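Chain by chain, the residues:
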Amino acid sequence: MGDQTIQLIHDVKRASKDNEPLEIVGRRTKEFLGRATSGTILDISQHTGIINYEPAELILMVRAGTPLSEIRDTLAGAHQCLLFDPPHYGVGGTIGGIVAAGLAGPCRPYTGAVRDFVLGLSCINGAGEHLHFGGQVMKNVAGYDVSRLMVGAMGTLGPILDISFKVMPMPELNETILYEVSEAAAISKITELSRKPWPFSGACYLDGQLRIRLSGGSESVLAAARALGGEHAQDDATFWQQLRDQTLPFFRQEGTLWRINVRPNTTHMQIAGAFLIDWGGAQRWLRSEEPDDVIRDVVARVGGHASRFRGGDREGDVFHPLSKPLQVLHRKIKETFDPLYLFNRGRMYAEI
Amino acid sequence: MLNSDLIAGLSACVPSDSIIADLEALRPYECDGLTAYRQLPVAVVLPKNVEEIRAVMQFCLQSDVPIVPRGAGTSLSGGAQPEKDGIVLSLARLNQILEVDVENRLARVQPGVRNLAVSQRVAEFGLYYAPDPSSQIACTIGGNVAENAGGIHCLKYGLTVHNVLSIDVVLATGEDITLTVDAPGYDLLALMHGSEGLLGIVTEITVRLLAEPPSARTVLAAFDNVSLASDAVAGLISSGVIPAGLEMMDKLAIDATNQFADCGYPNDASAILICELDGNHEEVLQQVKLVTQMFTKNGATDLHIAESEDERLKIWSGRKNAFPAVGRLSPDYYCIDGTIPRKNLGDVLKQIYRLSEEYGLAVANVFHAGDGNLHPLILYDASNVDEFHRTEVLGGQILELCIDAGGTITGEHGVGVEKLDQMCIQFSEAEIAQFRLLKQAFDPKEILNPGKAIPTLTRCSELNGLHVHAGAIPFPDIERF
């Protein structure tokens, strides 16, 4: 437990010398995500601990193996939080895993994505060198933004060792209002409401109900709730947590689960299956048994992209395929960090 | 390649009225907002569409001609400084707003569209584009992406990278890519932000629009010294309030601004804070109360809450005119851009004043205190060679102070040509090597804005060998490559 930097660098150097592929793991709570990979296990889960937390500076620096729950509890002690509200997929899930997968909760369109709160990080490259990018200040444009590049790279650019976040005050109050409407009416309602500066932190449509969460200062939230009308939802905290963690009944049913990103007001995606609208329309969860190509064609036609989130063939394309020039560029970028293709080979795309 | 051959080659890519090659017309392009360094290019090319950009890039790639991309030329770090044997690729003619999608709150614009023009265009829908660098009247969205521009409101609303949804890029190979937020794959959209024109030419940008907050109030607070004002900044942020903007000015800047603009800042103050709060009415009232309590607790000698929109704009007019106002105090000024943890603001400002005395150069401070982003303005006379040299050394020392205080050498202006040496201090050789490899992945022949933003490893190893922490390196006039 604690600082495993020296051991992890040693393990990468040995793998580099032996040209031995590595599979980077934490607590394996997101093993379902991405393509299948294999290799000697590089276990980050023992590299734990909060290195620096200064509530007054709004900064938190942690080791990648630190469990999300520990971070959440520590921040809550100072009435602060990670505003991207990362999903907890299982007990012990690590912060490094969330950053590597780039996963944010239902508040993403309103408060920001994982990368929007990463101020800096350190990682190990394929030569076993320990590199630091970004820092612990709010604005930083020195050098290329490698910290943000590592977010969502699924470990294919190397293991992340520690991360500095911008943390934010916890909202004073959360309220949920509910409207019973059709899907088309829900999309037009949320589109229309979003043109005004309401303190939204979530907007989801499921089973005939549009739920809108309001977060912020108590006066502001109560005033908005009064003005917006609708019905007050009783189960709000539980609902949003289950949406974030994908434990709602919708996510537990049969069928491949797809994550689809489109312009918020998109309608007319004719795909057989069940939809859940999240992110105020910008993200759609789809359970469907339609072939991959059919789904991706429909989504591409409305200018979006579709990735398989759970289920289906993990040897094929899981994430939305890249254009040819982007494929080439991804390979070249991969090689700048990991010329031997040691890290999480094929986890994101077959070619990297 | 002969200049005449270069111009003939460009003529095959774009119409002749899109090429500038005579000396008089080239003059305006010899520098950007960092006027201390100048260089004429062979030619300036002003393409009118993406096809022309692609043709110019393919020609330059085949002929090994360096390309320096340029928006409005407002960079403060020399990011658009021309190369002697190269061309300037001006995006100024790609200045159309292509689409305003009110329902999805986004605008699709060409790179030469001015920052402020976006907000002006969408104001009728109650929307605006949040990043507001002080040059927003002139600077372009393309340039904002290249520099990851910030501004007064980025404390609450983020930098350019947080407000861009998608970009189209022509790579140095002449190929096109589209990068979209939340898309699978590497986050190249984030990587392109702040890459200072070294990785590709951005040809189209989709920006996120926000709904105008219904209420905004501004609080002006005076303090007897910068340390008290600095403590008030740290205290306010830690109280949980995130203001829309939180700016500080010191004595020299206050006096210069009061003489220049009718903004009514308290004459006897040694430091002022300008704090803006926005949101809905209830929220703003709640926050104004908290902010005034916090400032009083931290020793504010005078507190003023703008009662009308006119008064609010008057307070901001001083801040927005502060740079030109300081500019009247001396023939030239040199603007520094380090960012530090807010808790160190007081200490670092004190050390800047000590260095200012030591070097015999006045320094005025006008800056984004809420972000910890300092903008010391060193006053000097460019015609005095010794004074300019002292200014460069003092600027370098202030940046090193920022690194020592746990900060960075640039918060929003970019590295450009002026902070290459400090990059060698902030980053290890392995990290610089990683940056250089990334550059090669995008641009193997290094034709895009060569020599900017990322130093060579040779420069760093020589500099680290020579580096003397307390002062100038020996033999400063020997060129270092």
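A few words on the overall build of chain B. Looking only at helices and strands, chain B has 17 helices and 18 strands in total. For chain B, the C-alpha radius of gyration of 23 Å lies close to 23 Å, the compact-globule estimate for 481 residues. Overall size of chain B, expressed as C-alpha extent along the three principal axes, is 65 × 60 × 45 Å. In chain B, buried positions account for 62% of the 481 residues. In the form shown here, chain B has an accessible surface area of approximately 17100 Å², with 51% of it arising from carbon and sulfur atoms. For chain B, the centre of its 34 positive side-chain charges and the centre of its 63 negative side-chain charges are spaced 2 Å apart.

Quick look at the packing of aromatic side chains now. Residues and elements named next belong to chain A. Across all of its chains, the model carries 19 aromatic pairs over all chains by this definition. With a centroid separation of 5.9 Å and an interplanar angle of 40°, the aromatic rings of F84 and F117 are classed as tilted. Separated by 33 residues along the polypeptide, F84 in the loop between β5 (80-81) and α3 (95-101) and F117 in helix α5 (residues 114-117) bring together distant segments of the chain. The exposure class assigned to F84 is buried, which follows from its relative accessible area of 0%. With centroids separated by 5.4 Å and ring planes inclined at 85°, the aromatic side chains of F239 and W240 adopt a geometry described as edge-to-face. Each residue in the set F32, Y89, F250, F251, W285 and F309 is aromatic and connected to the rest through ring pairs, giving one cluster. A cation sits over an aromatic face here: K189 above Y179, 4.6 Å from the ring centre. One cation-aromatic arrangement involves R310 over F32; the distance from NZ or CZ to the ring centre is 3.7 Å.

It is worth spelling out the environment of A21 of chain B at this point. Residue and element names in this part refer to chain B. Considering the arrangement of structural elements, one finds A21 in the loop between β1 (19-20) and α2 (23-26). The class of A21 is partly exposed, set by a relative accessible area of 36%. Spatially, the C-alpha atom of A21 lies 7.8 Å from that of I7, the residues being 14 residues apart in sequence. Setting aside anything within four residues of it in sequence, one finds A21 in contact with I7, L26 and V42.

Note on placement: Q136 of chain B falls in the loop between β7 (127-128) and α5 (141-147). Among residues more than four places away in sequence, those in contact with Q136 of chain B are N115, L116 and P131 of chain B.

Right, let's talk about the domain arrangement of chain B for a bit. All names here are of chain B. Once the domains are mapped, chain B shows domain 1 (3-90), domain 2 (97-211), domain 3 (215-325) and domain 4 (329-470). A straight line from the C-alpha centre of domain 2 to that of domain 4 covers 26 Å. Each partner contributes to the interface: domain 2 provides 17 residues, whereas domain 4 provides 18 residues. Of the roughly 1500 Å² buried between domain 2 and domain 4 on both sides combined, carbon and sulfur atoms contribute 64%. By the criterion of area lost to domain 4, the three top residues of domain 2 are A172, E196 and L198, representing 39% of everything that side buries. Scanning the region where domain 2 abuts domain 4 turns up zero salt bridges. The tally of links between domain 2 and domain 4 comes to five residue pairs in polar contact (both at pLDDT 80 or more). The set of elements that each furnish at least two residues to the side of domain 2 that touches domain 4 consists of α6 (154-157) and α7 (188-192). No other element matches α7, which puts three residues into the side of domain 2 that touches domain 4. Looking at the side of domain 2 that touches domain 4, its residues break down into eleven nonpolar, four polar and two charged.

All names here are of chain B. Read from one edge to the other, the open sheet built from five strands follows the order β5-β6-β10-β8-β9, with strand pairing classed as antiparallel. In this open sheet, the two edge strands, each paired with only one partner strand, are β5 (97-101) and β9 (176-180). Within the sheet, the average angular offset between the axes of one strand and its neighbour, ignoring direction, is 10°. Where β5 meets strand β6 (residues 106-109), four bridges bridge the pair, whose relative direction is antiparallel. Counted as the bridge partner of E99 is R108 from β6.

Bringing the pattern of salt bridges into the picture now. The final tally for this structure, using the stated rule, is 36 salt bridges over all chains. With its nearest N and O atoms 2.8 Å apart, the salt bridge here joins D101 of chain B to R263 of chain A. Residue D101 of chain B is located in strand β5, and its partner R263 of chain A is located in the loop between β14 (256-261) and β15 (274-278); the two belong to separate chains. Beyond isolated ion pairs, a larger network of salt bridges with shared partners links R263 of chain A together with E99, D101, R108 and E204 of chain B.

Calculation criteria
Residues numbered from 1 in each chain as written. Chains lettered and ligands numbered in written order. Predicted model: local features only at pLDDT ≥ 70, side-chain atom pairs only at ≥ 80, totals over all residues. Heavy atoms only, no water. Helix = DSSP H or I, 4+ residues; strand = E, 2+ residues; numbered from the N terminus. Rg over C-alpha atoms; globule rule 2.2 N^0.38 Å. Buried < 20%, exposed > 50% of the residue type's maximum accessible area, 1.4 Å probe, protein only. Areas by Shrake-Rupley, 256 points an atom, 1.4 Å probe, with all protein chains shown as cover. Lys, Arg positive; Asp, Glu negative; His and termini not counted. Charge placed at Lys NZ, Arg CZ, Asp CG, Glu CD. Phe/Tyr/Trp six-rings, centres within 6.5 Å; stacked < 30°, edge-to-face > 60°. Lys NZ or Arg CZ within 6 Å of the ring centre and 35° of its normal. Contact = heavy atoms within 4.5 Å. Domains from an automatic or database assignment. Buried area = accessible area lost by both parts, 1.4 Å probe. Salt bridge = Lys/Arg side-chain N within 4 Å of Asp/Glu carboxyl O. Polar contact = N/O pair within 3.5 Å; in protein donor to acceptor, adjacent residues only side chain to side chain. Nonpolar A, V, L, I, M, F, W, Y, C, P; charged D, E, K, R; others polar. Pairing = 2+ DSSP bridges. Axes fitted to C-alpha atoms, helices over the stretch in contact; angles between N-to-C directions.

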